[in-house]
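Residues per chain, in single letters:
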Amino acid sequence: MKPLDVLMPAAGMGVVADLIVERLPLHRLWLEPDPEAWLAKHGPAIRAIASAGGHGRIDEALMRRLPKLEIVASFGVGYDHIDARWAGENGIIVTHTPGVLDDEVADVAMGLTIMAVRRLPQAERYLRAGQWLKASFPLTASLRGRTMGILGLGRIGKAIAHRAEAFGLSVVYHGRHAQPDVSYRFYPTLTGMAEACDILMVTAPGGSETRHIVNAEVLRALGPDGVLVNIARGSLVDEQAVIEALRSGAILAAGLDVFDNEPKVPTALIALDNVVLLPHVGSASVKTRHAMAQCLLDNLLAWSEDKPPLTPVRETPWRGAWGATGARRSAIAAAAEDKTARISAVVDIMKDLWDLPADCNEGELFAYAEQLRDRILAGESRDGLYAFLANVQGKSLEIPASDASRAIVDRSLDLIGASM
């Protein structure tokens, strides 16, 4: 393992720092009496940043002060606090922690939905205030016969859809594009989907492209029986438009776990009785937060051991070489015939022939390509290789059955056999 000095700019979940410091040199910038002086003196030695939960911006200005920076490992699925586009353009990998929190967030999403529709928090307050002694709590709306429209059908969106169907809800979705392996109806516009559903579930990533994508027009389309639920990022929703829609009855209710300026929540929103508010607790269980911290650490450890990052974000895909900036670019061409480059070539074959899901990443593909290469070098039969890739295709990647796996094996045999 080569030295990998890790900078944590701001405090976050304590378990993140605890796990990192056991394995890697960790520098806690927020504890330094003069952070600017510390960066000037020690910044050139930093090769990694650990962002422990969206606290503090990891922007171009900070990354420029760390000339040897290679990787930013972020805690959580959302990473809009990181300038990932600039990082990708400058050969810096950004990772996040998808997968490990899907079920926890999906549970909270359904909980918020039920609480908002059935007014369960209001009913509890009614009981606690002694009002039940005077009269029964008013009747509420129902989940029966409703359609949930999911904005952003990624891993978490699919986990929510699975739960929604179990509750008898119909499911439709909107995203950047239709997913060929999904049976739910796709709507090419968000407004069109909002008109067709009465529960709008927001699960899309944050960032400038999606800022205030849920606006007054979308809320009007959702309608007076509509319910808005947001467990993604506060930036996706125009909070003032939501406040006005809830006040005027343009929508029935809302359930919000995230806000535009956390932890500050508009007093006008707090004052409303037809909204359920949670303090960003979607993934906040002990078990899940520890798994997220472990995923962050595993990305750093993989990088320190010259292995591919496990969960890179889409703006910084793994391309089979480390530190692809400046003078290092020439090293990439020189390494074209080494093990990593050949595995990366197999990844390119997989990407060319498989209809990959939107949430698949190159770190995941690299692992399967490496296993395929090792099986080829071990002399496994074609039928064995076909069966291995068919299992990966159907069970791990959940790609519809096709003959693509056979073509991938055949082309990989030609590629790796020629280099043996």
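1. Points about the confidence of the model for the protein chain
On average, residues of the protein chain carry a pLDDT of 88, and 92% of them reach 70 or more. Confidence over residues 322–337 falls short of pLDDT 50; this stretch has 20 contacts with residues more than four positions distant or in other chains.

2. A look at unusual backbone geometry
Look at the link from E262 to P263: it is a cis peptide, with omega at 0 degrees. Among the secondary structure elements, P263 is positioned in the loop between β11 (253–256) and α11 (267–270). One non-glycine residue, H212, adopts positive backbone phi at about 55 degrees. Taking relative accessible area as the criterion, H212 reaches 26% and is therefore assigned partly exposed. Positioned with a positive phi, H280 is a non-glycine residue whose angle comes to about 50 degrees.

3. Remarks on the sheet that holds strand β4 (residues 71–74)
Read across the open sheet, the five strands follow the order β2-β1-β3-β4-β5; overall the sheet is parallel. At either margin of the open sheet sits one strand with a lone partner, and together these are β2 (26–28) and β5 (93–95). Strand-to-strand twist across the sheet, computed as the mean angle between neighbouring axes with direction ignored, equals 20 degrees. Here strand β3 (residues 48–51) runs beside β4; their pairing, made up of four bridges, is parallel. If you follow A48 over to β4, its bridge partner there is I71. Lying on the sheet, helix α12 (residues 286–304) is in contact with β1 (6–8), β3, β4 and β5; it crosses β4 at an angle near 160 degrees.

4. A short note on the packing of aromatic side chains
Applying the stated criterion across every chain, the model contains four aromatic pairs. For the pair Y173 and F186, a centre-to-centre distance of 5.3 Å together with 55 degrees between the ring planes defines the contact as tilted. Of this pair, Y173 sits in strand β7 (residues 170–174) while F186 sits in strand β8 (residues 185–186), and the two are 13 residues apart along the sequence. Judged by centre distance (6.2 Å) and plane angle (75 degrees), the ring pair of W318 and F366 falls under edge-to-face. With a gap of 48 residues between them, W318 in the loop between α12 and α13 (329–334) and F366 in helix α15 (residues 362–377) connect regions that are remote in the sequence. F366 carries the same exposure label as W318, and that label is buried. By way of ring pairs, the aromatic residues W303, W318 and F366 are connected into one cluster.

5. Let's talk about the nonpolar core
Counting residues in each nonpolar core, the largest one holds 76 residues, and the members touching the most others are I20, I160, L300, M350, W354 and L372. With 31 residues, the next largest nonpolar core counts L151, Y187, A194 and A245 among its residues.

6. What about the packing of helix α1 (residues 14–21) against α12?
Running from amino to carboxyl end, α1 crosses α12 at an angle of 40 degrees, the nearest separation of the two axes being 9 Å. When the interaxial angle is binned, α1 and α12 end up oblique. Considering the relative orientation of α1 and α12, their crossing is right-handed. On α12, the residues that touch V15, V16, L19 and I20 of α1 are R289, H290, A293, Q294, L296, L297 and L300. Across the contact of α1 with α12, the residue classes tally to eight nonpolar, two polar and one charged.

7. Comments concerning the sheet that holds β8
Pairing is parallel across the open sheet formed by seven strands, whose spatial order is β8-β7-β6-β9-β10-β11-β12. Either end of the sheet is taken by a strand with one partner, and the two such strands are β8 and β12 (275–277). Two elements, strand β10 (residues 227–230) and β11, share four bridges in a ladder whose sense is parallel. The residue of β11 that forms the bridge with V227 is A253. Against the sheet, helix α7 (residues 155–166) engages β6 (147–151), β7 and β9 (199–202), with an angle of about 175 degrees to β6.

What counts as what
- Residues numbered from 1 in each chain as written.
- Predicted model: local features only at pLDDT ≥ 70, side-chain atom pairs only at ≥ 80, totals over all residues.
- Heavy atoms only, no water.
- pLDDT = per-residue confidence, 0-100.
- Contact = heavy atoms within 4.5 Å.
- Helix = DSSP H or I, 4+ residues; strand = E, 2+ residues; numbered from the N terminus.
- Buried < 20%, exposed > 50% of the residue type's maximum accessible area, 1.4 Å probe, protein only.
- Pairing = 2+ DSSP bridges.
- Axes fitted to C-alpha atoms, helices over the stretch in contact; angles between N-to-C directions.
- Phe/Tyr/Trp six-rings, centres within 6.5 Å; stacked < 30°, edge-to-face > 60°.
- Core = buried A, V, L, I, M, F, W, Y, C linked by side-chain atoms within 4.5 Å.
- Parallel < 35°, antiparallel > 145°, perpendicular 65-115°, else oblique.
- Left-handed = near helix turned anticlockwise from the far one by under 90°.
- Nonpolar A, V, L, I, M, F, W, Y, C, P; charged D, E, K, R; others polar.

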